[in-house]
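The chain contents come next:
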Amino acid sequence: MPTAIIADDERLMRDQLLLRLQQAWPELEIVAQAKNGQEAIDLVVTHQPDFAFLDIRMPGKTGLEAAQAIAGKTHVVFITAYDQYAVEAFEHGAIDYVLKPADLERLSLTVERLKKRLTQAPDDMSTLIARLSKQIGQKPSYLQWIQASIGAELRLFPVEDILFFQSDEKYTRVQTNTVEALIRKPVRELVEELDPALFWQIHRSTLVNAKAIEGVVRDMRGRHLVQIRGSGEKLEVSRSYVHLFKQM
């Protein structure tokens with residue numbers, strides 16, 4: 001029975017990939033899971049799996065650093081939210097890649113390729129790892145997905161589907177076209193993790209998706225309010241951020 005480990009710092013992503021792998025390759029045994037690159041290295045040494053599914057970006061040691069450390073010991077499959085990294089990896093000899101969130105049809109193709117590798121020695125990926133490390137170092141990494149709670153349920157949302165984030169003292173509201181969810185991360189942290197070209201800070205407690213802005217109006221008190229497309233929401237713009245809308 002072939003074996004593998006999964007390494008990703010997001011639990012929901014690990015669970016989702018595990019489910020898809022069980023569907024696409026029931027015979028594959030996931031012997032352990034890791035939250036960072038160092039844990040992945042340790043698990044490969046301990047379990048000697050046939051495959052290691054490694055998220056490219058993880059805290060501490062990255063997936064690339066882990067891949068470098070375990071080169072020749074196991075076949076590596078990169079997990080990434082970034083298409084350009086995935087294509088680069090596949091074209092230059094990595095076994096394969098999985099795009100977040102894992103799609104069953106695409107993963108089934110990956111599985112077929114992996115089965116053919118079982119009788120082969122793991123690739124030496126030093127050239128690929130050096131190339132990807134340079135590429136990633138040149139480009140900032142922004143959140144692509146947000147894990148948020150709706151009651152007792154934990155859901156995963158693509159960031160482009162989120163209309164705005166709005167914080168209070170304890171929680172941050174995550175608003176999409178259809179649902180409202182909550183996270184504990186404040187806006188001051190999200191500002192550093194979201195693409196500033198997509199999400200504009202309009203208040204110390206509010207981030208808005210620029211593509212969701214329908215217009216800006218002034219109320220009777222002279223406050224600037226952002227109108228959200230397809231919604232009755234109007235979000236206050238503080239004086240520090242009014243300059244963003246001078247041309248509107």
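> How should I be thinking about the nonpolar core in this particular structure?
Note that soluble globular proteins tend to have their nonpolar side chains buried in a common cluster. With 22 residues, the main nonpolar core has Ile5, Leu54, Ala67, Ile70, Val76 and Phe78 as its most contacted residues. For this core, the elements supplying multiple residues, two or more each, are strand E1 (3-7), strand E2 (29-34), helix H2 (37-47), strand E3 (51-55), helix H3 (63-69), strand E4 (75-80) and helix H6 (126-138). No other element matches the 4 residues that H2 contributes to this core. Apart from the residues lying within four places of it in its own chain, the contact partners of Ala67 are Leu54, Val76, Phe78, Met125 and Ile129. Core analysis: the next-biggest nonpolar cluster, separate from the first, contains 17 residues, Ile6, Ala24, Phe53 and Val98 among them.

> Please clarify how the packing of aromatic side chains should be interpreted in this entry.
The geometry of an aromatic ring pair comes down to the distance between the two centres and the angle between the two planes. Applying the stated criterion across every chain, the model contains 3 aromatic pairs. Between Trp200 and Phe245, the aromatic rings sit 5.9 Å apart at their centres with planes inclined by 55 degrees, giving tilted as the arrangement. With Trp200 in strand E11 (residues 199-203) and Phe245 in the segment after strand E15 (234-237), this pair connects stretches of sequence that are 45 residues apart. The exposure class assigned to Trp200 is partly exposed, which follows from its relative accessible area of 23%.

Cut-offs applied
- Residues numbered from 1 in each chain as written.
- Predicted model: local features only at pLDDT ≥ 70, side-chain atom pairs only at ≥ 80, totals over all residues.
- Heavy atoms only, no water.
- Core = buried A, V, L, I, M, F, W, Y, C linked by side-chain atoms within 4.5 Å.
- Buried < 20%, exposed > 50% of the residue type's maximum accessible area, 1.4 Å probe, protein only.
- Helix = DSSP H or I, 4+ residues; strand = E, 2+ residues; numbered from the N terminus.
- Contact = heavy atoms within 4.5 Å.
- Phe/Tyr/Trp six-rings, centres within 6.5 Å; stacked < 30°, edge-to-face > 60°.

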